[in-house]
Amino acid sequence: MSDPFALPWLLPAPADFRARLKAIRTADPIDAGALRALVQTALDATQLEQASRVVSARVGDLAGAGLRPLKLGIVASHTAKGIAYALPAAALRHGLLLSVELADYGQAAQALLDPGSSLAQSRPDAILLALDAQALGLARPCLDPAEAEATVTRAFDYVAALRAGARAHAGAPVIVQTLAPPVESLFGSFDGQLAGTVRWLIAEFNARLLRSVAGSGDLVLDVAFLAASVGLRQWHDARLWHDAKLPFAVEALPLYADKLGGLLAAFRGLSRKCLVLDLDNTLWGGIIGDDGIDGILLGQGSGTGEAHLAVQAFALDLRARGVVLAVCSKNEDSAARLPFIGPNGGHSEMLLREEHIAVFLANWTDKASNLRQIAATLNIGTDALVFLDDNPAERAQVRQELPEVAVPEIGSDPADFTRILGQAGYFEAVSFGAEDRSRAAMYSANAQRAAAMTSVSNLHDYHASLEMVCTIAPFDDAGRARIAQLANKSNQFNLTTRRYTEADIAAIAADPTRFTMQVRLADRFGDNGMISVLIFARGAEEWRCETWLMSCRVLGRRVEEAVLAHVAAAARAAGAARLVGEYIPSAKNAMVRDHFAKLGFVKTADRADGGTEWALDLETYVTPTLPMILE
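Only a predicted model underlies this, so the values are computations on that prediction, with no experimental measurement involved.

## Concerning the packing of aromatic side chains
For step 1, the next point in the chain: Within the structure shown, the criterion is met by 9 aromatic pairs.
For step 2, the next point in the chain: Relative to F360, the ring of F340 has its centre 5.4 Å away and its plane inclined at 75°; by these criteria the two rings are edge-to-face. A residue pair is termed long-range when its members are at least 10 positions apart, and F340 in the loop between α16 (333–336) and β10 (359–363) and F360 in strand β10 qualify at 20 residues. Assigned by exposure class, F340 and F360 land together as buried.
For step 3, the next point in the chain: Following the ring pairs from residue to residue traces out a cluster consisting of W548, F596, F601 and W614.
For step 4, the next point in the chain: A cation over a ring is seen here: K245 above W241, with NZ or CZ 5.2 Å from the ring centre.

## Section: the sheet that holds strand β8 (residues 274–277)
For step 1, the next point in the chain: Across the sheet, 4 strands lie side by side as β10-β9-β8-β11; this open sheet has parallel pairing. Edge strands, defined here as strands with exactly one partner in the open sheet, are β10 and β11 (385–388). Ignoring which end each strand starts from, the neighbouring axes of this sheet average 20° apart.
For step 2, the next point in the chain: With 4 bridges connecting them, β8 and strand β9 (residues 324–330) associate as parallel partners. Pairing of L275 across the sheet is with L325, part of β9.

## Considerations on the pattern of salt bridges
For step 1, the next point in the chain: In this structure the tally under the stated criterion is 31 salt bridges.
For step 2, the next point in the chain: One salt bridge in this structure joins R93 and D258, with 2.8 Å as the shortest N-O distance. With R93 in the loop between α5 (81–92) and β4 (96–102) and D258 in helix α13 (residues 253–267), this pair connects stretches of sequence that are 165 residues apart.
For step 3, the next point in the chain: Note that E149 is salt-bridged to R208, the shortest N-O span being 2.9 Å. Highlighted residues: E149 in helix α8 (residues 145–170) and R208 in helix α9 (residues 198–213), separated in sequence by 59 residues.
For step 4, the next point in the chain: Residue E149 is classed as partly exposed on the basis of its relative accessible area of 35%.
For step 5, the next point in the chain: Here the salt bridges share partners, and the residues they tie into one network are R498, E582, R607, D609 and E613.

## With respect to the state of the cysteines
For step 1, the next point in the chain: Following the criterion strictly, the structure yields 0 disulfides and no others.
For step 2, the next point in the chain: In this structure C274 is not part of a disulfide, and its nearest cysteine sulfur, from C328, lies 10 Å away.

## Here's the deal with the UniProt feature "domain: BF1531-like N-terminal" (unreviewed entry) in the chain
For step 1, the next point in the chain: Here the UniProt-annotated "domain: BF1531-like N-terminal" (unreviewed entry) positions come out as residues 71–259.
For step 2, the next point in the chain: Between the first and last C-alpha atoms of residues 71–259 the distance is 17 Å; the span itself is 48% helix and 13% strand.

## Structural notes on the sheet that holds strand β3 (residues 68–76)
For step 1, the next point in the chain: Pairing in this open sheet of 5 strands is parallel, and the strands run β4-β3-β5-β6-β7 from one edge to the other. Two strands bound the open sheet, and with one partner strand each, they are β4 and β7 (219–221). In this sheet, adjacent strand axes meet at a mean angle of 30° when their direction is disregarded.
For step 2, the next point in the chain: Sheet analysis places strand β5 (residues 126–130) next to strand β6 (residues 174–177), joined by 3 bridges and oriented parallel. The residue of β6 that forms the bridge with L128 is I175.

## A word on the domain arrangement of the chain
By a widely used convention, the size of an interface equals the accessible area lost when the partners come together.
For step 1, the next point in the chain: Segmenting the chain into domains produces domain 1 (11–138 + 155–186 + 201–268), domain 2 (274–424) and domain 3 (461–630).
For step 2, the next point in the chain: Measuring from the centre of the C-alpha atoms in domain 2 to the corresponding centre in domain 3 gives 37 Å.

## Observations regarding the pairing of strand β18 (residues 612–617)
For step 1, the next point in the chain: Bridge count between strand β16 (residues 578–583) and β18: 6 bridges; the pairing is antiparallel. Within β18, the residue paired with E582 across the bridge is E613.
For step 2, the next point in the chain: Linking strand β17 (residues 602–606) to β18, which pair antiparallel, is a turn of 5 residues; within it G610 sits at a positive phi near 90°.

Thresholds, definitions, all that
- Residues numbered from 1 in each chain as written.
- Predicted model: local features only at pLDDT ≥ 70, side-chain atom pairs only at ≥ 80, totals over all residues.
- Heavy atoms only, no water.
- Phe/Tyr/Trp six-rings, centres within 6.5 Å; stacked < 30°, edge-to-face > 60°.
- Helix = DSSP H or I, 4+ residues; strand = E, 2+ residues; numbered from the N terminus.
- Buried < 20%, exposed > 50% of the residue type's maximum accessible area, 1.4 Å probe, protein only.
- Lys NZ or Arg CZ within 6 Å of the ring centre and 35° of its normal.
- Pairing = 2+ DSSP bridges.
- Axes fitted to C-alpha atoms, helices over the stretch in contact; angles between N-to-C directions.
- Salt bridge = Lys/Arg side-chain N within 4 Å of Asp/Glu carboxyl O.
- Disulfide = S-S within 2.5 Å.
- UniProt positions renumbered as here; feature names shortened; annotations may be inferred.
- Domains from an automatic or database assignment.

See the structure below:
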């Protein structure tokens, strides 16, 4: 890991990259899988640009490849063409089909404050606002304390005005960037303490910027942290800045593009949900079946043991922020569980316990098959998994069988495992709330529910045994972030797959012509949190469903019947005669093709795009008896 700009979690770019890319470019139809596999390697800036040209040229062919489309506007005070050229391939690595609208160089105010600008008219899904210290007036010291404060305020207010303009005129959230401090200092170590030095000005600006973005619906690309992680001397290239106004060294472009691609993927709800852990030589050193509990390396007193302990600590930290943990090991089940502290003892240095693991699979089945079973048990897609395994042969087998699973290259030294996993950004987040904190426990409880189903003889008894409580409420400020998160993450049980930002959700909540529902479900195993979101447009005669989505982890629990009863009662009370819904097909929502039919709606139209339209007569609708308490 000597190269500070390396992307060590990726396989090296193949030696025959150009030949592979040419074959992909000229193939008809395009092999989307081959292109995605190629960009999953550590491409340099030139290779990223070449791959991006193919992505942009074949965007129509790639539209049906299960990718999430996104249009990004870029507004920059420095040269940004290299960024725009590299991004489509870097975004493809994260499951996005990206198009870019680049505003003219140095025209931030014109692009964002003029509603008639080409950028505003293009209606991007998000806008990257990439400003530098020079453009913000923060590149020279200002040693009068009052003037120093005023300088930071002017810079901050300018950015705030641009963000407001983007919202008002382009209808898009803004990705702002923190500023990387300079390498040079004026007073040495005293720079950070003295108001008005460049280091102080940038630190104050960054702090204000971060505080202002929290809860706003805008996003942050933390360039200051990214530059610090590789080293400021490597990040900044004075010659390129003076000659071409490039914001960072050319070698930094692949890293920057990858991190921006990961942030955009998180914005679109594509972050990974589950970390699947190997055991032997991953969570501990040695083979538990051969070395026994006293022979494995784990904990203090051994560099190797401490490195494996660090992996466990990081896994626990990820779980605390909502990442689900699972185990996939080639082992006898009884031997694999020995080190985990529990009723039967365990290794005294183990941090992970069995209750931290939502699904524990230790057998001699191939790991790709076990990963499929883990995903099925958790009711998530295999594309939500990250697989951490020290064995390169196992990693290769999973990549071959399940290319959608994220499999980081972690090398052979356990001291690198945590750093590489953390740098890869698989679990990038754009918000964090109470439901994120409890998500891992929710999935563990889901596994318990699945086990409970085996102890009853029919579905009615199973539902009754769960003691469910369903709470339905209109959208509110407290739920806004989670509502937007569900809208962007839910793909399978999503009738229309419309995406919303937090600002969109706030506007809908305030719109008297909309009827909104946020739905929570709890049972004897725990609180599932918010699991469904519905939006209806109120009309005099009919209420039209604009969005109906639900988390797949509560499928088969009759929640959809409960929410239909709720909205039907409200529509009846308002004098409406019917509910109207539509199904808009996507690459992933075939499971809800017959959703309205199952609820008693009558099909009224078949559309050319494969979609359908439905209506429910409220006069004849009968409210069902449900196995849950409604609140």
